[in-house]
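The chain contents come next:
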Amino acid sequence: MNPVDARAAMVAELEKKNGLRPGPVRDALLTLPREVLMPQAYVRRSAPGEEPPRWDLLDWSAPQDRPELLGLLYGGASVLVQHDGEPLMGRVRGTRSGASITSMSTVMGLTASLLEELDLRPVSGCWMSGRARG
């Protein structure tokens with residue numbers, strides 16, 4: 001699957017399960033390439049309870065990682081983005097073990113719902129919440 005199709009499938013799922021409506025949030029989700037915002041993500045490779053836990057850092061720049069990374073980025077679950085407080089830039093792909101995941105993205109359905117609650121609308125060249133305008 002390519003990124004455009006993955007975004008479309010994610011939006012269709014959000015429409016079906018979370019009631020995502022037409023509007024600026026839906027348009028942004030169809031347009032915004034998550035692989036640019038999160039070009040790396042972790043996937044757990046160890047079984048639950050297995051010690052020490054193991055994770056692989058997938059990287060968009062590695063073509064062999066792209067199919068699995070697309071599944072993580074557009075699958076709807078939280079995306080694991082940091083292991084043991086490491087810097088978020090300049091990481092080398094590969095396996096990590098021990099410690100824990102210290103940062104992750106919010107579940108996309110929740111993010112979309114919260115953004116829709118803001119009732120975003122363009123006002124004089126910027127976006128403003130309809131709720132803030134009264």
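Refer to the structure printed above.
Residues numbered from 1 in each chain as written. Predicted model: local features only at pLDDT ≥ 70, side-chain atom pairs only at ≥ 80, totals over all residues. Heavy atoms only, no water.

Draft legend 1. Fine view of the packing of helix 1 (residues 3-18) against helix 4 (residues 66-74). Helix 4 packs onto helix 1 with a crossing angle of 30° between their chain directions and a minimal axis gap of 10 Å. Classified by the interaxial angle, the pair formed by helix 1 and helix 4 is roughly parallel. As for the relative orientation of helix 1 and helix 4, their crossing is right-handed in sense. For the pair helix 1 and helix 4, the contacting residues are Pro 3, Ala 6, Arg 7 and Met 10 in the first and Leu 70, Leu 73 and Tyr 74 in the second. For the contact of helix 1 with helix 4, the class distribution of residues is 6 nonpolar, no polar and 1 charged. (Axes fitted to C-alpha atoms, helices over the stretch in contact; angles between N-to-C directions. Helix = DSSP H or I, 4+ residues; strand = E, 2+ residues; numbered from the N terminus. Parallel < 35°, antiparallel > 145°, perpendicular 65-115°, else oblique. Left-handed = near helix turned anticlockwise from the far one by under 90°. Contact = heavy atoms within 4.5 Å. Nonpolar A, V, L, I, M, F, W, Y, C, P; charged D, E, K, R; others polar.)

Draft legend 2. Representation of the packing of helix 1 against helix 2 (residues 24-31). Contact geometry of helix 1 with helix 2 gives a least axis separation of 8 Å together with a crossing angle of 150°. Comparing their axes, helix 2 and helix 1 come out roughly antiparallel. Facing Arg 7, Ala 8, Met 10, Val 11, Leu 14 and Glu 15 of helix 1, the residues of helix 2 in contact are Arg 26, Leu 29, Leu 30 and Thr 31. Among the residues making up the contact of helix 1 with helix 2, the classes are represented as 6 nonpolar, 1 polar and 3 charged.

Draft legend 3. Layout of the pattern of salt bridges. With the rule as written, the count across this model stands at 10 salt bridges. We note a salt bridge from Arg 21 to Glu 116, for which the minimum N-O separation is 3.9 Å. With a gap of 95 residues between them, Arg 21 in the loop between helix 1 and helix 2 and Glu 116 in helix 5 (residues 108-117) connect regions that are remote in the sequence. A relative accessible area of 47% places Arg 21 in the partly exposed class. (Salt bridge = Lys/Arg side-chain N within 4 Å of Asp/Glu carboxyl O. Buried < 20%, exposed > 50% of the residue type's maximum accessible area, 1.4 Å probe, protein only.)

By themselves, these are just geometric observations and shouldn't be taken as functional.
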